[in-house]
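# Examination of the molecular architecture
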Amino acid sequence: MASFRVKGGQRLKGEIQPQGAKNEALQIISAVLLTAEPVHIKKIPDIRDVNKLIELLADFGVQIEKTGPESYIFTAKDVNLDFLESDQFKEKAASLRGSIMILGPLLARFGKGKIPKPGGDKIGRRRLDTHFIGFQKLGAKFDYHIGTGFYNVSAKELTGTYLHLDEASVTGTANIIMAASMAKGTTTVYNAACEPYIQQLCKMINRMGGKISGVGSNLLVIEGVESLGGTEHTMLPDMIEIGSFIGLAAMTQSEITIKDARIDQLGIIPDTFRRLGINLEFRGDDIFIPAQEHYVIDSFIDGSILTIADAIWPGFTPDLISIILVTATQARGTVLVHQKMFESRLFFVDKLIDMGAQIILCDPHRATVIGLDRAFPLRSIQMTSPDIRAGVSLLIAALSAEGTSTIHNVEQIDRGYQYIEKRLNAIGAQIERF
């Protein structure tokens, strides 16, 4: 188990380039299974979860050519479906939650797919019903075998239909889009997720010859086509990493420029951090965060305590709730952080409390943060990263604390952030991996 030794209290300064979007990458890379033709993908983040998915595709027989540090050409011409029956597939797919994304394209192109119960962060219940209900309504048969732990789907032919999703699941929407892209007839998806990741997937499939309209809304119309061809695709920068760097700059009183941020795709993320009192300046497509000794949390118009809650897009993304929470600890003022979607995602605040943060965990979904305007700096401790986003939040806390902290289980952080210690050390951080 790898660990970080983090010397806090260092002010950072410089430019940092966000990686390609992890959540987009898992969908886009799975979508190469929709065609036998080459698909060239750029800005692929070099992180554990994405690399494991690429390795899984290689095991299926997908030809993979690395054309640059963040660029690959995938050719899924000869896909070995027998690999689905192997112990190796069960072991690898079960260790990666993103493996669920291969089901839609396998079902669309080959009429069958299976997946063991996927792993992932322990942040609460993460049900898969939306995926399989959607497949069933498109005409697939579904069964879950308790003995083997496999979810199985199969269909001689998928047929377009009307779908009103029970939840606007991002991965569920993506899987249904891929399955419906080659179904017979027209599929209408209402209450579809409309995150930038979904928009990117739809645009890519349309370039491959698909026919998807309503992109960017929660009502998608997908006209099935007989086959899809190759294309090129470039990932968006990772909005979660961008938000993490904004919080990092504020907490460590640092002057940081986030390069090529695709500000037009960030939704309300910049304004949400501004409500914490953080100054942001847009310089073209870069975000400049000046060094701030103090930042003051806003209140609602009637003077009541600000609440920041996660929501489906275009609301505030749940992946940044933990970053908002840790950033608020050094502000002046009070904020109620409401994590609606996952009941275990706030279970890292005990570490922040041990560091001296003033936080009241109201229940599994809500925490009140009382910012003391740096009157009492956070202190260094030993801690363990419970999941990707909490892990980075604890790293940010450690970088702002007095003394040297130790963070264990940083492989969790590696699943979502590429070379994080090297990139932060390049702008003045002191993080040692051991």
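Keep in mind that what you see is a predicted model, and the values were worked out from it rather than measured. Numbering of residues begins from 1 in every chain and follows the order in which that chain's sequence is written. pLDDT decides what is reported in this predicted model: residues at 70 or higher carry local features, side-chain atom pairs at 80 or more are listed and counted, and totals for whole chains, interfaces and linings draw on all residues regardless. Side-chain measures here rest on the full set of heavy atoms in the structure, leaving out hydrogens and waters.

## Digging into the side chain of D49
What counts here: The way it works is that DSSP assigns letters per residue, a run of H or I at least four long becomes a helix, a run of E at least two long becomes a strand, and they are numbered from the N terminus. For every residue, the accessible area obtained with a 1.4 Å probe (protein chains only) is divided by the maximum for its type, and the residue is called buried under 20%, exposed over 50%, and partly exposed between those limits. Residues are treated as being in contact if the distance between any of their heavy atoms lies within 4.5 Å.
For D49, the location among the structural elements is in helix α2 (residues 48–59). Judged by its relative accessible area of 5%, D49 falls in the buried class. Excluding anything up to four places from it in sequence, D49 contacts K22, L26, L96, I388 and R415.

## Points about the state of the cysteines
Spelled out, the test is: The disulfide definition used here is simple: a pair of cysteine sulfur atoms within 2.5 Å.
For the structure on display, the rule yields zero disulfides. The closest cysteine sulfur to the non-disulfide-bonded C202 is located on C194, 10 Å from its own sulfur.

## Some remarks on the packing of helix α8 (residues 239–251) against helix α10 (residues 321–328)
We apply this condition: Helix axes are fitted to C-alpha atoms over the stretch in contact, other axes to C-alpha atoms as well, and angles between N-to-C directions run from 0 to 180 degrees. In what follows, roughly perpendicular refers to angles from 65 to 115 degrees, roughly parallel to angles under 35, roughly antiparallel to angles over 145, and oblique to any angle outside these ranges. The nonpolar class holds Ala, Val, Leu, Ile, Met, Phe, Trp, Tyr, Cys and Pro. Asp, Glu, Lys and Arg form the charged class, and all remaining residues, Gly among them, are polar.
Orientation of α8 relative to α10, taken along the N-to-C sense of each, is 5°, at an axis distance of 9 Å. Overall, the two elements α8 and α10 adopt an arrangement that is roughly parallel. Of the residues in α10, those touching α8 at G243, S244, G247, A250 and M251 are I323, V326 and T327. Looking at the contact of α8 with α10 residue by residue, the class counts come to four nonpolar, four polar and no charged.

## With respect to the pattern of salt bridges
Note the threshold: Salt bridges are defined by distance alone: a side-chain nitrogen of Lys or Arg within 4 Å of a carboxyl oxygen of Asp or Glu.
Enumeration over the complete set of coordinates arrives at 21 salt bridges. In this structure, the salt-bridge partner of R275 is D298, at a minimum N-O distance of 3.2 Å. One end of the pair, R275, is in the loop between α9 (269–274) and β15 (281–283); the other, D298, is in the loop between β16 (286–289) and β17 (306–309), and 23 residues separate them in sequence. A residue is classified by how much of its surface remains accessible, and R275, at 30% relative accessible area, is partly exposed. We classify D298 as partly exposed; its relative accessible area is 37%. The partner of D319 in a salt bridge is R345, with the nearest N and O atoms 2.7 Å apart. Taken as a pair, D319 in the loop between β17 and α10 and R345 in the loop between β18 (332–338) and α11 (349–354) lie far apart in primary sequence, 26 residues in all. Among the ionic contacts, a cluster of salt bridges with common partners joins K22, D49 and R415.

## Topic: unusual backbone geometry
Negative phi values dominate among residues other than glycine, just as trans dominates among peptide bonds. With an omega dihedral of 15°, the bond running from W313 to P314 counts as a cis peptide bond. Take P314: it is sitting in the loop between β17 and α10. The phi dihedral of Q253 is positive, around 55°, even though this residue is not glycine. Assignment of secondary structure puts Q253 in the loop between α8 and β14 (255–258).

## Some details on the sheet that holds strand β13 (residues 231–234)
Rules: Two strands are counted as paired when DSSP detects at least two bridges linking them.
Pairing in this open sheet of four strands is mixed, and the strands run β4-β5-β3-β13 from one edge to the other. Looking at which strands have only one partner, the edges of the open sheet turn out to be β4 (63–68) and β13. The average angle at which neighbouring strand axes cross in this sheet is 20°, direction not considered. With four bridges connecting them, strand β3 (residues 38–42) and β13 associate as parallel partners.

## Structural notes on the sheet that holds strand β11 (residues 211–213)
Taken together, four strands build an open sheet; the order of strands is β9-β10-β12-β11 and the sheet is mixed. Unpaired on one side and paired on the other, β9 (162–164) and β11 mark the two borders of the sheet. Strand-to-strand, the axes of this sheet are offset by a mean angle of 15°, without reference to chain direction. The pairing of strand β10 (residues 186–190) with strand β12 (residues 219–223) spans five bridges and is antiparallel. Counterpart to T188 in the pairing with β12 is V221. Across the sheet, helix α6 (residues 170–180) lies against β9, β10, β11 and β12, angled at about 25° from β12, the strand it touches most.

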